[in-house]
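# Structural overview
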Amino acid sequence: MSQNRSTRFIPLIIAISVVVGIILGTFYAHHFSGNRLNIINTSSNKLNDLLHIVNDQYVDTVDLNSLVERALPQILGELDPHSVYIPAKDSQQANDELAGSFSGIGVQFTIRQDTIHINNVIKGGPSEKVGLLAGDRIIKVNDEEFVGKICTNDETQRRLKGEKGSKVKLSVLRRGQKELLDFTVVRGDIPVNSVKASYMIDKGVGYIQIDKFGETTYPEMLVALAKLSQANLQGLIIDLRGNTGGYMGAAIQMVNEFLPANRLIVYTEGRKSPRQEYKSDGRGSYQNLPLAVLVDEISASASEIFSGAIQDNDRGMVVGRRSFGKGLVQEQVDFGDKSVLRLTIARYYTPSGRCVQKPYKKGHDEDYEMDLITRYQRGEFFSEDSIKQKGEAYQTSIGRTIYGGGGIMPDYFVPQDTANITSYYRMAVNQGLVVQYAYEYTDDNRQKLSKFANSKDLKSYLEKQNIVEQFANYADKKGLKRRNLMIQKSSKLFERALFGNIIYIMLDDEEYAKYVNESDPTVLQAMELFKTNKIWPQAPAPVQINGK
């Protein structure tokens with residue numbers, strides 16, 4: 001009887017168990033699937049969650065660090081053209097460019113025929129102290145052969161740079177020596193000067209060339225100005241052509257030297273960055289010095305802050321060609337692995353209120369990247385009438401009309417000089433034959449050329465050496481067939497390019513600038529403004545109505 005009673009409850013027990021099982025199964029199914037859906041659908045950091053899921057669930061093993069390194073540039077590429085991610089391996093070099101110094105061996109070099117050629121040994125630097133010479137070829141680094149395909153610019157920088165006090169052994173081949181010479185160089189601080197040239201270009205007129213705005217640029221400029229002042233400085237040309245920018249603070253400090261008190265230099269503003277104005281403090285030592293600023297299509301960022309402040313305040317004349325058009329401000333974020341993020345946080349505006357940033361589309365904007373080529377193709381480098389600035393019109397302090405939305409348009413436009421350019425000349429330059437020959441010529445004649453301490457004397461010597469004819473023979477052997485009529489037509493261009501490169505290799509930036517500036521159309525235009533007393537901007541004549 002008891003057996004029958006227990007048997008009666010078996011179906012009930014089974015039914016209850018099934019229900020409980022269904023309930024528990026449903027609970028766990030909803031619990032876990034709900035968490036997964038919740039992660040994807042409601043998380044505030046979907047990217048981190050995606051990486052976590054990939055790392056946890058993906059079918060194959062994934063190197064997340066490598067995945068992130070490749071993804072970051074793509075993400076920033078969807079923002080604007082100047083927000084960038086710099087990997088750790090490249091960040092030191094990127095920071096060195098603006099830091100004013102780096103630790104290395106103290107040589108300037110080029111790589112030719114898969115070999116490092118030392119062009120110049122920095123005076124007082126580590127390499128000069130141990131006896132390395134210009135013209136030496138580095139064959140081994142730390143007893144390992146370093147020639148051939150491995151010998152790239154990046155790899156050379158990596159091997160020659162290093163911590164201050166560290167040592168590197170170099171084995172070099174020197175002309176006239178059959179065996180390799182060994183040198184152990186102790187790395188030291190190598191200055192990186194941003195003021196490349198400063199000299200009196202004419203009676204009373206000084207010239208300063210600045211190639212970037214770094215940590216030491218402002219004090220370098222003050223030293224240059226002090227030197228020029230001792231030579232009776234009465235007017236100044238500041239050459240910012242080819243200067244891609246740098247630190248905004250350096251540009252502000254430098255402009256301050258030339259402006260009277262309480263003049264707006266620049267202001268910045270962004271979504272999370274309230275408007276911040278930067279004004280002159282009136283302590284500048286050169287507030288009344290006549291001033292010309294040279295710019296071209298490469299001049300960007302801090303160069304445009306400087307030239308824009310001078311132009312908008314009617315403080316001097318801007319001469320050259322329309323500048324690049326970068327009006328975005330980046331803030332640097334340093335990651336723990338030494339990689340760097342430079343994120344656009346604001347736009348900067350010149351004193352008149354114009355933003356010089358040229359138009360761009362968010363994302364990978366091919367038109368933006370090709371802008372300089374587009375300018376060239378439509379003739380902007382050769383004709384002022386070809387320049388298309390679509391920005392709003394603004395007024396300078398005395399009422400001159402200027403435009404935003406695409407760089408700084410100079411007060412005096414100077415076209416790129418295309419006279420006497422031939423197809424033969426273009427091919428010689430584009431194939432690198434002019435530079436190659438200059439290096440080979442200096443290597444072959446270094447002992448003779450080293451007797452000349454300045455560009456004037458070296459130029460006089462080179463004028464007697466029939467350099468253009470020697471180059472034509474060299475180019476012919478390299479596969480560029482002689483075109484005598486074209487060579488004759490472009491002879492002055494060839495002479496200028498060849499002499500300039502030889503002077504640069506044998507001497508320094510300043511002597512090179514002295515040589516090329518003798519015939520530089522933009523420099524000559526600036527000089528003409530000083531000579532004709534047109535260096536100070538003039539207010540536009542009032543519009544007359546009905547003869548009144």
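What comes next is a walk through the structure.

Definitions and cut-offs
Residues numbered from 1 in each chain as written. Predicted model: local features only at pLDDT ≥ 70, side-chain atom pairs only at ≥ 80, totals over all residues. Heavy atoms only, no water. Buried < 20%, exposed > 50% of the residue type's maximum accessible area, 1.4 Å probe, protein only. Helix = DSSP H or I, 4+ residues; strand = E, 2+ residues; numbered from the N terminus. Arc of directions from axis to C-beta. Contact = heavy atoms within 4.5 Å. Polar contact = N/O pair within 3.5 Å; in protein donor to acceptor, adjacent residues only side chain to side chain. 1 Å grid on protein atoms, 1.4 Å probe; cavity = no way out; pocket = protein on both sides within 12 Å on 5 of 7 lines; lining within 4 Å. Points joined across faces, edges and corners; volume = space filled by probe spheres on them. Salt bridge = Lys/Arg side-chain N within 4 Å of Asp/Glu carboxyl O. Core = buried A, V, L, I, M, F, W, Y, C linked by side-chain atoms within 4.5 Å.

### Overview of helix 14 (residues 455-462)
Among the residues making up helix 14, those that are buried are Ser455, Leu458, Tyr461 and Leu462. Seen end-on, helix 14 carries its buried residues on one side only, within an arc spanning 125°. The inward-facing, buried residues of helix 14 abut helix 13 (433-449), helix 15 (467-477), helix 17 (491-506) and helix 18 (509-517). Two or three places before Lys456, at the start of helix 14, stands the capping residue Asn454, its side-chain oxygen 3.2 Å from that residue's backbone nitrogen.

### Observations regarding the layout of surface pockets
Volume-wise, the second largest pocket comes out at about 1600 Å³. Lining the second largest pocket are 45 residues, with Asp417, Tyr425, Leu493, Arg496 and Asp520 positioned closest to its centre. Of all the secondary structure elements, the ones that give two or more residues to the lining of the second largest pocket are strand 11 (205-210), helix 12 (423-430), helix 17, helix 18 and helix 19 (521-531). Looking at the lining of the second largest pocket element by element, the count peaks at 8 residues for helix 17.

### Some points on the pattern of salt bridges
Tallied over the entire structure, the rule returns 31 salt bridges. In this structure, the salt-bridge partner of Arg241 is Asp239, at a minimum N-O distance of 2.8 Å. Connected through salt bridges with shared partners, the residues Arg322, Lys358, Asp371, Arg375, Arg378 and Glu380 form a single ionic network.

### Thoughts on the nonpolar core
Looking at soluble globular proteins, one finds that nonpolar side chains tend to be buried together. Counting residues in each nonpolar core, the largest one holds 39 residues, and the members touching the most others are Ile208, Phe213, Leu225, Leu236, Ile238, Phe258 and Phe306. For this core, the secondary structure elements donating two or more residues are strand 11, helix 7 (217-229), strand 12 (235-239), helix 8 (248-256), strand 13 (264-269), strand 15 (291-295), helix 9 (302-312) and strand 18 (340-349). The element that contributes the greatest number of residues to this core is helix 8, accounting for 6 residues. Those residues in contact with Phe213, other than ones at most four positions away along the chain, are Leu98, Leu240, Asn243, Gly245, Gly246, Tyr247, Ala250, Ala251, Met254, Ala302, Ser303 and Phe306. Formed by 33 residues, the second largest nonpolar core is a distinct cluster that contains Leu449, Tyr474, Leu493 and Met506.

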